[in-house]
Amino acid sequence: MPEPEASKPPAAAHVVHPHSATLKRLEKSSGALAAQAIARMDETLPWYRAMPPENRSWIGLVAQAGIAAFTEWFRHPDAPQAISTDVFGTAPRELTRAITLRQTVEMVRTTIEVMESAIDEVAAPGDESVLREALLVYAREIAFATAQVYAQAAEARGAWDARLESLVVNAVLSGEADEGAVSRAAALGWNAPEHVCVVLGTAPDGDSELTVEAIRRAARHAKLQVLTGVLGARLVVIAGGSDNPLAVAKSLIGPFAAGPVVAGPVVPDLLAATRSAQAAAAGLKACSAWQDAPRPVLADDLLPERAMAGDPGARHQLVEEIYRPLEEAGSALLETLSVYLEQASSLEGAARMLFVHPNTVRYRLRRVTDVTGWSPSDVRSAFTLRIALILGRLADGDPQT
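Residues numbered from 1 in each chain as written. Predicted model: local features only at pLDDT ≥ 70, side-chain atom pairs only at ≥ 80, totals over all residues. Heavy atoms only, no water.

The name given to the chain in an unreviewed UniProt entry is PucR family transcriptional regulator, with the source organism recorded as Streptomyces longwoodensis. Turning to the chain, the UniProt record has this under Sequence similarities (unreviewed entry): "Belongs to the CdaR family." (UniProt positions renumbered as here; feature names shortened; annotations may be inferred.)

Printed below as a string of structure tokens:
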């Protein structure tokens, strides 16, 4: 007796799209719609006409991909689809730098308007409202996709810029700044200002990105260019655009944590900023020796503390900018200053020791101020002058100096 035939599974039923006629007409007209969209952009968007041919061709591909993605989305409206990949994946990543978000919105709006104006021709009779509603929903999805693409590009660019900025700041602080660092700074928007200084202090606890952004806000308000970063416990700011380092430090001091904030001297460019950074770093290290130091304070105001802490730059500066000019101005100034300081800043005492009239001492001390910029009658300046005299005598007594 023959065995019964095995039952065969029924053939899969072909699912007919509820709006197949409209779908076919949409597929046939997609090329023409893309051409119309490009023509409308060329007619109404001046920035599109001014773009290089290569970028315009990429925009044309994006418009075509957008219409093709709408056709596929209309075919399967319930299927999850990555619209941003379908539409914007045809263009290179560099296009987000060449075309702003505003321009992309204008491009999408123009394409959607062209498609909307063709609904009555493309839709099968009775499907006009269905196609119009589908296009409305798709336009919303495209808007979200556009925002996502530019947000991702901004995040990637921001992360890359942060790494680049950190490299520049570290190169300046470590004394390794070169033309490569200048090129990186230029890529970050650094426009080579004439006056540059470095401000150092303690970084606050918490998110360093928030601290960096706070510095940038303060810099924009003060009309300064800055390169900044948090390196370990220190907040470093390279500021350009002002020849007053103390004013720069005061305008940027808000984001710094409690503790000393030191501004290095002004230098002509980024390559020379290492000198400003080294002075600020030495000042930050020596600031604890001057408990009444103002906040912020100039690195040059900390010369005696820096010298005693072993900073060779401060020692050299005190000798060359104070002792040598006094030496060249004549022995009378050096002798008068030395005796005046030894006599506890007493005019009469110094006059007796020098066998001159007190007015002569007074005149010579004014000359000391003119020559050095430091006033012997000021307690802080007198301390600096005393250290400069000591270092100068040591240098003269050292045959290797």
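Still more to cover.
The subject of this paragraph is the sheet that holds strand β1 (residues 196-202). Spatial strand order, β2-β3-β1-β4-β5: five strands in an open sheet with mixed pairing. Strand pairing shows two members of the sheet lacking a second neighbour, β2 (225-231) and β5 (297-298), which therefore form its edges. Taken together, the seven bridges between β1 and strand β3 (residues 234-240) define a ladder with antiparallel strand orientation. Residue V198 lies in a different strand from β3, and its bridge partner there is I238. Those strands touched by helix α10 (residues 208-222) are β2 and β3, and its axis lies near 160° from that of β2. Most of the contacts of helix α12 (residues 273-286) go to β1, to which it runs at about 30°, and overall it touches β1, β3 and β4 (262-263). (Pairing = 2+ DSSP bridges. Helix = DSSP H or I, 4+ residues; strand = E, 2+ residues; numbered from the N terminus. Contact = heavy atoms within 4.5 Å. Axes fitted to C-alpha atoms, helices over the stretch in contact; angles between N-to-C directions.)

Each pair of packed helices can be summarised by the angle the axes make with each other and by the distance between the axes. One way to put it is that helix α14 (residues 312-329) packs onto helix α18 (residues 379-397) with a least axis distance of 8 Å and a crossing angle of 85°. Of the possible angle classes, the one that applies to α14 and α18 is roughly perpendicular. In this structure, α14 uses R315, L318, V319, I322, Y323, R324 and E327 to contact α18, whose residues at the interface are T384, L385, I387, A388, L389, L391, G392, R393, A395 and D396. Here the contact of α14 with α18 is built from residues that sort into 10 nonpolar, two polar and five charged. (Parallel < 35°, antiparallel > 145°, perpendicular 65-115°, else oblique. Nonpolar A, V, L, I, M, F, W, Y, C, P; charged D, E, K, R; others polar.)

Of note, V196 is situated in strand β1. Classification of V196 as buried rests on a relative accessible area of 1%. Once the C-alpha coordinates of V196 and V267 are considered, the two residues, 71 residues apart in sequence, prove to be 5.3 Å apart. (Buried < 20%, exposed > 50% of the residue type's maximum accessible area, 1.4 Å probe, protein only.)

What follows covers α18. Taking 1.5 Å of rise per residue, 19 residues should cover 27 Å, and α18 covers 27 Å from first to last C-alpha, within 8% of that figure. On its buried face, α18 is in contact with α13 (303-308), α14, α15 (331-342) and α17 (358-372). One side-chain oxygen at the N-terminal end of α18 lies 3.2 Å from the backbone nitrogen of R380; it belongs to D378. (Expected span 1.5 Å × (residues − 1). Polar contact = N/O pair within 3.5 Å; in protein donor to acceptor, adjacent residues only side chain to side chain.)

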